[in-house]
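Observations on chain architecture
If you want the building blocks of each chain, they are given just below.
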Amino acid sequence: MNRLICNETGEAFALDDPRWCSEKGKLLTLEFQPHLDISRLSQRKSTLWRYREAIPIDYDENIVSFDEGFTPLLPMRISGRTIYIKQDHLFPTGSFKDRGATILISKVKELGIRHVVQDSSGNAGAAIAAYCARAGIACDIYVPEKTLPEKLRQIRSYNATLHLVPGSREDTASAALAAAGKYYYASHCWNPFFHHGVKTFAYEVCEQLGWCAPDAVILPVGNGSLLIGVFIGFKELLAMQIIEKMPRMIAIQALACAPVYLAFARGKSNHAVHGETIAEGIAIAQPVRIKEMLAAITESNGTVMTVDDDAIKRTQIEMAKKGFYIEVTAAAAMAGVESYLEQSEREELIVTSFTGHGLKSGK
Ligand SMILES: *Cc1c(COP(=O)(O)O)cnc(C)c1O
């Protein structure tokens, strides 16, 4: 049965219940039975909505979309090996967050909600604002005061109400949470519908590899919406027996702000780490879904690695010299790929992602 489940008490809620947390304010997981008939896909548009029966939206009329997704999976030579890069910087708002936003805002429309709140370091805010604009839904976006001007301009242009919050990324999250008492919280961290959009990454990658799962997926990790969503996607494909193995999830964090890395190394999940890094998209001191991230990494036999700001900057410049203009946070993942390849001799099919476009990076 499709329903929302409280992560702590197991309490269940119906999917037409407009809630993003449990009665007691705990995280929810979406329990959903996907369907996929791969023989029908050839007649469908090359967008992420081609996996329609695997997406938890009831009626097509509620779909809020720009025909996004099915981004190119490009082979690239790095350190003498070939890896595959999912070019998710080519989404309409310039980051993979559109995967989550198209499903989440479709759900918002389905629920008849007219006003949402969201908080982000920039990209998730831009994605939610754009899809709200497309659907004619009002939105309030909370961002840290020091967010890049390019990202602020983008969010404002979509006609969102922008709130600049002084202090840390956590202060911004608290401000949005307070507003979420009044309006529906379209959060990429809290709202489980977001993950069920991001999971299309896994579906696309497997289809593009001829319905074969990669051996390892290397992803940048802050709040974990990408990691958790991708893991859900592979788990569903495995359960439907469309693929035969779970790829190893390799999470990349910035050295200065690496709570997931520390928790993984120490076997505990209660570390808040407030370091500064240029990779602002993954500078999350205390990710709310850290337990789920650790479970995805452990269950997939994966690992967590860190990269320092020098390596991130150097990699961003190297990528641009090869013709790829990606944002700093996306370069963190590529720096992670390089250090993974240095350490691992395995003959593996590795997939990674350009998570965000350089055009709004500002540096
Ligand atoms: C949001 C974001 C990430 C990290 O995603 P999380 O869900 O926070 O783990 C990585 N790269 C870019 C460009 C992002 O915008």
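Here's a quick rundown of the structure. Just so we're clear, the structure is a prediction, and the values are computed from it rather than from any experiment. (Residues numbered from 1 in each chain as written. Predicted model: local features only at pLDDT ≥ 70, side-chain atom pairs only at ≥ 80, totals over all residues. Heavy atoms only, no water.)

**Comments concerning the nonpolar core**
I105, V116, I128, I141, V230, F234 and L237 are the most contacted members of the largest nonpolar core, which totals 90 residues. Here this core takes 8 residues from helix 7 (residues 225-239), the largest share from any one element. Excluding residues within four positions of it along the chain, I141 makes contact with Q118, G125, I128, A129, I155, A160, T161, L162 and H163. One finds A311, I312, L341 and F354 within the second-largest nonpolar core, a separate group that totals 29 residues. (Core = buried A, V, L, I, M, F, W, Y, C linked by side-chain atoms within 4.5 Å. Buried < 20%, exposed > 50% of the residue type's maximum accessible area, 1.4 Å probe, protein only. Helix = DSSP H or I, 4+ residues; strand = E, 2+ residues; numbered from the N terminus. Contact = heavy atoms within 4.5 Å.)

**A few points about the packing of aromatic side chains**
For the structure on display, the rule yields 5 aromatic pairs. Between Y51 and Y203, the aromatic rings sit 5.3 Å apart at their centres with planes inclined by 50°, giving tilted as the arrangement. Here Y51 is found in the loop between strand 3 (28-31) and strand 4 (73-78), whereas its partner Y203 is found in helix 6 (residues 200-208), with 152 residues between them in sequence. Judged by its relative accessible area of 0%, Y51 is buried. Since its relative accessible area comes to 0%, Y203 is described here as buried. (Phe/Tyr/Trp six-rings, centres within 6.5 Å; stacked < 30°, edge-to-face > 60°.)

**Here's the deal with the sheet that holds strand 4**
As summarised here, the arrangement of the 6 strands in space is 4-5-13-10-11-12, forming an open sheet in which the pairing is mixed. Unpaired on one side and paired on the other, strand 4 and strand 12 (303-307) mark the two borders of the sheet. When strand polarity is set aside, the average angle formed by the axes of neighbouring strands in this sheet is 30°. Sheet strands touched by helix 7: strand 10 (216-220) and strand 11 (248-254). Its angle to strand 10, the strand with the most contacts, is close to 155°. (Pairing = 2+ DSSP bridges. Axes fitted to C-alpha atoms, helices over the stretch in contact; angles between N-to-C directions.)

**Observations concerning the packing of helix 6 against helix 7**
What describes two packed helices is the angle between their axes and the distance between those same axes. Between helix 6 and helix 7, the shortest axis-to-axis distance is 6 Å and the interhelical angle comes to 55°. Relative to helix 7, the element helix 6 lies oblique. When helix 6 is examined against helix 7, the residues F201, A202, Y203 and C206 are found in contact with a partner set consisting of V230, G233, F234, E236 and L237. Tallied by class, the residues present in the contact of helix 6 with helix 7 amount to 7 nonpolar, 1 polar and 1 charged. (Parallel < 35°, antiparallel > 145°, perpendicular 65-115°, else oblique. Nonpolar A, V, L, I, M, F, W, Y, C, P; charged D, E, K, R; others polar.)

**Quick notes on the site of the ligand**
Close to the ligand lie 16 residues; K97, N123, G224, S225 and T355 are nearest. The contact in question runs from an oxygen atom of the ligand to an N or O atom on the backbone of L226, over 3.4 Å. Out of a free accessible area of 380 Å², the ligand has 98% covered by protein chains. A molecule is said to occupy a pocket when more than half its atoms come within 2 Å of that pocket's grid points, and by this definition the ligand occupies the largest cavity. (Near = heavy atom within 4 Å. Polar contact = N/O pair within 3.5 Å; in protein donor to acceptor, adjacent residues only side chain to side chain. Areas by Shrake-Rupley, 256 points an atom, 1.4 Å probe, with all protein chains shown as cover. 1 Å grid on protein atoms, 1.4 Å probe; cavity = no way out; pocket = protein on both sides within 12 Å on 5 of 7 lines; lining within 4 Å. Sits in = over half its atoms within 2 Å of the grid points.)

**Focus: the pairing of strand 6 (residues 115-119)**
With 4 of its 5 residues buried, strand 6 lies for the most part within the structure. One ladder, built from 5 bridges, connects strand 6 with strand 7 (residues 138-144); its direction is parallel. Bridging from a neighbouring strand, V116 pairs with C139 of strand 7. Handedness of the strand 6-helix 2 (residues 123-135)-strand 7 crossover: right-handed. Two elements, strand 6 and strand 9 (residues 184-185), share 2 bridges in a ladder whose sense is parallel. Across the sheet, the residue bridging to V116 is Y184, located in strand 9. (Right-handed = clockwise from strand over helix to strand, strands pointing away.)

**Brief notes about the pairing of strand 8 (residues 161-165)**
Of the strand pairs in this sheet, strand 7 and strand 8 are connected by 5 bridges, and their pairing is parallel. Among the inter-strand pairings, Y142 is bridged to a residue of strand 8, identified as H163. What joins strand 7 to strand 8 is helix 3 (residues 149-157), and the crossover it makes is right-handed.

**As for the environment of D171**
Note that D171 resides in helix 4 (residues 169-179). Through-space distance from the C-alpha of D171 to that of Q253 is 21 Å; in sequence the pair is 82 residues apart. A distance of 2.8 Å separates a polar atom in the side chain of D171 from the backbone nitrogen of S168.

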